[in-house]
Amino acid sequence: MKTSITQIERRFDISSSVAGLIDGGFEIGNLFVIVFVSYFGSKLHRPKIIGIGCAIMGVGSIMTALPHFFMGYYRYSTETHDNASENSLSTCLTGETSSLTETPTEIVGKGCEKQSESYMWIYVLMGNMIRGIGETPIAPLGISYLDDFAKEGQSSVYLGSLNSLAVFGPILAFTMASVFAKMYVDVGFVDPSSIRITPQDARWVGAWWLGFLVSGLLSIISSIPFFFLPKNPNEPQKKRRKVSTSLHGLKTDQEKKQTANLTNHSQDITLTGFLKSMKSLLTNRLYVLYAIFTLINFSSIIGSFTYIFKYIEQQFGQTASQANVLLGLVALPHIGAGLFLGGYLIRKLKLTIVGIVRFSLFTSCIGFIGYVLNFALMCENKSVAGLTLTHDGLNPVTSHTNVPLSYCNSDCNCDESQWEPVCGENGVTYLSPCLAGCTSRSGTGKFAVFYNCSCLEVSGFPSTNYSARIGECPRDDGCKRYYYIYISVQIVFAFISALGSTAHTIIRMRIVKPDLKALAVGFHSLVFRTLGGILAPIYFGAMIDRTCLKWSTTSCGTRGACRIYDTVSFGNYYLGLSAFLKFVGIALSFLFFYLVKKKYGVKDGNAFENGEKDTNEVNLESSKNNECFVPSATVKETHI
């Protein structure tokens, strides 16, 4: 979804804030069932519930792609409603009335025959919500399943390995998205030679739907093995029922209680038990503060990541395919390595909970410093006559709205709402051949070249034919260098930030009672989905919409998707909002560290060093194994 969000925005002619709502549909679906699945699912057969969830995810992914097959062919030229038509590439008709210019009434009359297509994005939203419902049991039940039955001292390694392996999914997604983004959306249904736009064009839409079909099938296939996993892997598969009673009789009282806590909660599957568990979580001061500062950090991450491809396209002039390759094949493996190394270091250094929080805080601070460096890697605004420059391309404008025509194109009878950009020899992009003052042309489609462009002539650029070619002008070499530096910075500091991700997972599991771990993960995910996953893409998208310089016009005459943004304002809003959230999250992290150290820390922060007790009398046997500790009301019911 993240790699396709820009393509979906263009295909359905919607704003970034609406696209953010579609992206948040995953979390909306998750929201419906997350807490109940986390609580009641932990009492049932967790692997089977995970398998059912994977199958539902597959169905939702396939449903997300279905609108493509119900809609007509994509029309990137909304002025003529015919991609193969050359009418929108009209030249300057000095002293004449253009027969190609249509009134808004004529546009609506031609393009609104299938007005229902304007709402097809709702089906994409519904499919994404179903995906979210299916994903619900995977994280809370999967993590608690691993943590409950991992060998003593191995939990951090398993979780780190799990997070590292999970990175291969996005790597595959980015790779596929890079390939599909190069394919035209109606690949296999239209003649490629009739398409005059390229992947560099702001109107280009790749085959976004192919990725959802592939991921849907993979999700359904991956659900099958989960149905063959045991409910309790610590029990022998054979003769389980026959020997369970005799084995239970050989256990100590402590072992009996531990087994009961992990596998025999079926008697407490009641609403009363659920409410008691929720009260226990919400009165845990450390857990509540942890949920708040991780929510703020998560909002920053999810908001910025949702629009990172749009940012790269607008800021550095790269295509979606190029951005997918570099982020997927270069950055993500380093994130996976960071996740694994983080789990390994926690075990190798035998960190207590205080040490784990300190380690997490350190990596967050370094990651924040790296993010702030992005402000120094921003490019200048694109040179676009009629938006950032006057129509003659000589002077910058203070406002991009209603820029008056210049004497070089005032007599051309141009449609000023048209978006058919051409790049002049002087490096300035013009909104259309007509607005560039071009009077002649050669070639057709993407190979068309326009000559005798009067607005190029008055700009003072030395030339003999003052020509312009189809498409926007590319970014200069200096901006391209910024792009490679930007990617390098992302790789280094993403690796450092990933080191602390496993620590966050372990902290969440260790500051609650053992029997509430699944619920703690589930409620934490609920908060994430509601206030982070759903809202962050929407308000990030709304901020980005404010920087749009040129909106498209839909077939029904309404505002569609944005064609070009104010690069500087886009960067300031996008990076500034994310950096602000990160800063607030780190400030709260320092408070969390202070409270954790106050409650668990002794001398240099090694909790329970020399056998000292916590105020809640945590089982002292855990200190011998250098484990992270969980406060509990009683000694006997605490198990690490």
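Definitions and cut-offs
- Residues numbered from 1 in each chain as written.
- Predicted model: local features only at pLDDT ≥ 70, side-chain atom pairs only at ≥ 80, totals over all residues.
- Heavy atoms only, no water.
- Core = buried A, V, L, I, M, F, W, Y, C linked by side-chain atoms within 4.5 Å.
- Buried < 20%, exposed > 50% of the residue type's maximum accessible area, 1.4 Å probe, protein only.
- Helix = DSSP H or I, 4+ residues; strand = E, 2+ residues; numbered from the N terminus.
- Disulfide = S-S within 2.5 Å.
- Patch = residues over 30% accessible without salt bridge, like charges linked within 9 Å, V, L, I, M, F, W, Y side chains within 5 Å.
- Areas by Shrake-Rupley, 256 points an atom, 1.4 Å probe, with all protein chains shown as cover.
- Salt bridge = Lys/Arg side-chain N within 4 Å of Asp/Glu carboxyl O.
- Pairing = 2+ DSSP bridges.
- Phe/Tyr/Trp six-rings, centres within 6.5 Å; stacked < 30°, edge-to-face > 60°.
- Lys NZ or Arg CZ within 6 Å of the ring centre and 35° of its normal.
- Axes fitted to C-alpha atoms, helices over the stretch in contact; angles between N-to-C directions.
- Parallel < 35°, antiparallel > 145°, perpendicular 65-115°, else oblique.
- Left-handed = near helix turned anticlockwise from the far one by under 90°.
- Contact = heavy atoms within 4.5 Å.
- Nonpolar A, V, L, I, M, F, W, Y, C, P; charged D, E, K, R; others polar.

This part takes up the nonpolar core. The biggest cluster of nonpolar side chains holds 86 residues, and the ones touching the most others in it are Ile511, Tyr574 and Phe592. In terms of residues, this core owes the most to one element, helix H22 (residues 567–600), which gives 12 residues. Of all hydrophobic cores here, the second largest spans 28 residues; its members include Ile14, Ala19, Met71 and Val205.

In this section: the state of the cysteines. Tallied over the full model, the rule gives six disulfides. Cysteine 379 shares a disulfide with cysteine 479; S-S distance 1.9 Å. Measuring handedness by torsion sign, the sulfur bridge of cysteine 379 and cysteine 479 sits at about 100° and is right-handed. In this pair, cysteine 379 is assigned in the loop between helix H17 (353–372) and strand E1 (384–385) and cysteine 479 in helix H19 (residues 477–499), connecting sequence segments 100 residues apart. The disulfide that involves cysteine 414 links it to cysteine 434, with 2.0 Å between the sulfurs. Judged by the sign of its S-S torsion, about -85°, the cystine formed by cysteine 414 and cysteine 434 is left-handed. With cysteine 414 in the loop between E1 and strand E2 (422–424) and cysteine 434 in the loop between strand E3 (429–430) and strand E4 (440–442), this pair connects stretches of sequence that are 20 residues apart. The same class applies to cysteine 414 as to cysteine 434, namely buried.

A surface patch of nonpolar side chains, amounting to about 670 Å² of accessible area, comprises Phe32, Ile52, Ile56, Ile133, Ile224, Phe227 and Phe228. Secondary-structure assignment places isoleucine 56 in helix H3 (residues 46–65).

Here strand E8 (residues 559–565) lies mainly inside the structure; six of its seven residues are buried. Of the pairings in the sheet, the one linking strand E7 (residues 548–553) to E8 comprises four bridges and is antiparallel in character. Counterpart to tryptophan 551 in the pairing with E8 is cysteine 562.

Once that is clear, we can look at the packing of aromatic side chains. Inspection of the entire model under this criterion finds 23 aromatic pairs. Ring plane angle 50° and centroid distance 5.4 Å describe the contact between phenylalanine 316 and tyrosine 483, whose orientation is recorded as tilted. Within this pair, whereas phenylalanine 316 is found in helix H15 (residues 308–316), its partner tyrosine 483 is found in helix H19, the two being separated by 167 residues in sequence. Owing to a relative accessible area of 0%, tyrosine 483 belongs among the buried residues under this scheme. When the ring centre of tryptophan 551 is taken as reference, the NZ or CZ atom of arginine 559 above it lies at 3.7 Å. Geometry around tyrosine 371 places lysine 582 over its ring, the cationic atom sitting 5.1 Å from the centre.

Our next topic: the packing of H3 against helix H7 (residues 138–149). Across the interface, H3 lies against H7 with an axial gap of 10 Å and an inter-helix angle of 150°. The angle between the axes of H3 and H7 places the two elements in the roughly antiparallel class. Crossing of H3 against H7: the hand is left-handed. Facing Arg46, Pro47, Ile49, Ile50, Cys54 and Met57 of H3, the residues of H7 in contact are Ile138, Leu141, Gly142, Ser144, Tyr145, Asp148 and Phe149. Residues of the contact of H3 with H7, tallied by class, amount to nine nonpolar, two polar and two charged.

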